[in-house]
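# Structural overview for review
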Amino acid sequence: MGDQIDALQLKNAFLAGANNLNAKKEWINELNVFPVPDGDTGTNMTMTIMSAAREVAAISAPTLENVAKAMASGSLRGARGNSGVILSQLIRGFTKEIREHADEAGIDNLIMARAFSRAVETAYKAVMKPKEGTILTVAKGMADRITELSVTDEDLITLLEKVVAYGDEVLAKTPEMLPVLKEAGVVDSGGQGLMTVVKGALASLKGEEVVLDLGDQGAAKAEAPVERKSRGEISTADIKFGYCTEFMVNGDHEFTDEEVDSLRAWLGGVGDSIVCFSDENIIKVHVHTNHPGNAFEKGLSMGYLSKMKVDNMRLEHHEVLIEDASRIAEEKKEEAASAAAPEKPEEPAKEYGFISVSAGDGLTEIFRGIGVDYVIEGGQTMNPSTEDILNACDQVNAETIFVLPNNKNIILAANQAKDIIEDKNIIVVPTKTIPQGITAMISFSPDMNPEENLEAMKDASQCVRTGEITYAVRNTTIDGHAIEKDDIMALGDDGLLAVAKEKNQAVLEALKAMVNDESEIITIYYGQDIPEEEAEALATRIRKAYPQVETELQYGGQPIYYYFLSVE
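This section reports on the structure supplied with the text. (Residues numbered from 1 in each chain as written. Predicted model: local features only at pLDDT ≥ 70, side-chain atom pairs only at ≥ 80, totals over all residues. Heavy atoms only, no water.)

## Section: the pattern of salt bridges
One pass over the structure, following the stated rule, counts 23 salt bridges. Note that Glu-121 and Lys-125 form a salt bridge whose closest N and O atoms lie 3.6 Å from each other. With Glu-121 and Lys-125 both in helix H5 (residues 109-126), this residue pair falls 4 residues apart, about one helical turn. Glu-154 serves as the salt-bridge partner of Lys-162, at 2.4 Å between the closest nitrogen and oxygen. The class of Lys-162 is partly exposed, set by a relative accessible area of 36%. In this structure, a network of salt bridges that share partners links the residues Lys-96, Glu-97, Glu-100, Arg-114, Arg-118 and Asp-257. (Salt bridge = Lys/Arg side-chain N within 4 Å of Asp/Glu carboxyl O. Helix = DSSP H or I, 4+ residues; strand = E, 2+ residues; numbered from the N terminus. Buried < 20%, exposed > 50% of the residue type's maximum accessible area, 1.4 Å probe, protein only.)

Written as structure tokens, this is what we have:
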């Protein structure tokens, strides 16, 4: 059936794939449809895979088991941005299959084909609404092709060459699947990133030497760490059943996807708000049900139980102490004063905590002022990784933590962190912009339970219309607009709002599309490159243009984006 790939070859092939992506990340960034200066598909995918590459490179005695495990764990925790999270899920599925055959001499045609297919299956499950013409389509094309060819007598290298060639063919067709790609004249950047990885890996398998550069990839900054605490768990959806039931099933073997899927399906018949996932020989379960005992019995049929918890949600009454709001500022002072001091005894966890992603010093102060406990700096210019969000959750000593991603490209990483965390309730509010995050945070009420707050925060954030003003880094065409390098673009929630030669003109054109008869407040957050007097003059023009609407001006301090606009 052809040659096999041993553990050392797998290690070197993965490192070569990471190297190739790292070398070409800026080229991949250029393929982003919107020609914004923070186009980051290549950067996000590179930082994801390099997180795993560092773990893989540290293995001195490679086996299929330890190489596959390092590939999966490193990419999972390092994943950032949608493209990075999807890449990490592809790696996770691929390595699950490899680990199931870790006691064999190597990876042959059939094992490789199954690994490709499992990678695609895992990644598609991670995305709520998979879109064709993306990295997923390219991965599926290669998986289908290797499945067809795996029963031939060709050696594995020749087989992989044909699979990679077919992947290129699928990638070339992505503009026909997504009109926005065709209009911009580019192939899917995530798909191109994936092909860059597999081509680097194939080159290594064919004999090229790999020299891995493990230098700093420019990780997103987070606040200085304070005391580390335990990690949290998941809270989801509306309450339809009376008892919030949580437990862990501890088995005597590593649970298979089929076992977890079967348990998840069973839970779907007795409740809702289900979270059910495995980590080797443990299954974590969260379900809202009217019969907790039945859920426990089902878990006991698969192993022994631990960390069992049942809350009667119909009787539960959540209260937050009145001094919590005023204590926020005092806690910040204490944290700063004791940063270099020995760790002090851990205080009891408060009921609610908040984490927000921010993109500028002014915006960070705004979030802190409205009650956010921990701010991850990143957002538009550098998407935080799953690991960054995990670390942030460590720092917040609360039973329930709300996470505000404030960028559509961070939501998947936040959800991936949520699925890893234990012993806290982690709720991701799917905010896509900074103004949405600010509105969601203001809408929180300590008088409501977590699920009610999630719905209220989501509803409030969806009532905000957002505009972002930045410049084009290349010539392109979007939504029928011819854009030239250095043009000023106004980006809205659903795409391009306006193109202009001057910043104020772009803002005014954007507001024409955003303001309607029901609008009450316009908020302008000006960036680090805008002088205060220039922002004040713009605000004056807007007040004259929209006298019926209140206009507020705030310093945001965000880089690259001249203005963030909010209309409510």
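## Let's talk about helix H10 (residues 257-268)
Its 12 residues give H10 an end-to-end C-alpha distance of 16 Å, which sits within 8% of 16 Å, the value for a rise of 1.5 Å per residue. When we look at burial in H10, the residues that qualify are Asp-257, Val-260, Leu-263 and Leu-267. For H10, the buried positions fall inside an angular range of 135° around the axis, keeping them on one side. Facing away from the buried surface of H10 by more than 90 degrees, the exposed residues are Glu-258 and Ala-265. (Expected span 1.5 Å × (residues − 1). Arc of directions from axis to C-beta.)

## Looking at the sheet that holds strand E15 (residues 521-526)
Ordered by their spatial adjacency, 6 strands build an open sheet running E14-E13-E10-E17-E15-E16, and the pairing between neighbours is mixed. The sheet terminates laterally at strand E14 (495-500) and strand E16 (550-555), the two strands that pair on one side only. Taken pair by pair, the neighbouring strands of this sheet meet at an average axis angle of 20°, ignoring direction. As defined by bridge partners, E15 adjoins strand E17 (residues 563-567) across 5 bridges and the pair is classed as antiparallel. Paired with Thr-523 across the two strands is Ser-566, which belongs to E17. Across the sheet, helix H16 (residues 434-442) is in contact with strand E10 (465-471), E15 and E17; its angle to E17 comes to roughly 45°. (Pairing = 2+ DSSP bridges. Axes fitted to C-alpha atoms, helices over the stretch in contact; angles between N-to-C directions. Contact = heavy atoms within 4.5 Å.)

## Observations regarding the packing of helix H1 (residues 7-29) against helix H3 (residues 64-78)
What describes two packed helices is the angle between their axes and the distance between those same axes. Running from N to C, H1 and H3 point in directions that differ by 20°, and their axes come no closer than 8 Å. Relative to H3, the element H1 lies roughly parallel. Crossing hand, H1 versus H3: left-handed. Contacts between H1 and H3 involve Ala-7, Leu-10, Lys-11 and Phe-14 from the former and Leu-64, Val-67 and Met-71 from the latter. Grouping the constituent residues of the contact of H1 with H3 by class yields 6 nonpolar, no polar and 1 charged. (Parallel < 35°, antiparallel > 145°, perpendicular 65-115°, else oblique. Left-handed = near helix turned anticlockwise from the far one by under 90°. Nonpolar A, V, L, I, M, F, W, Y, C, P; charged D, E, K, R; others polar.)

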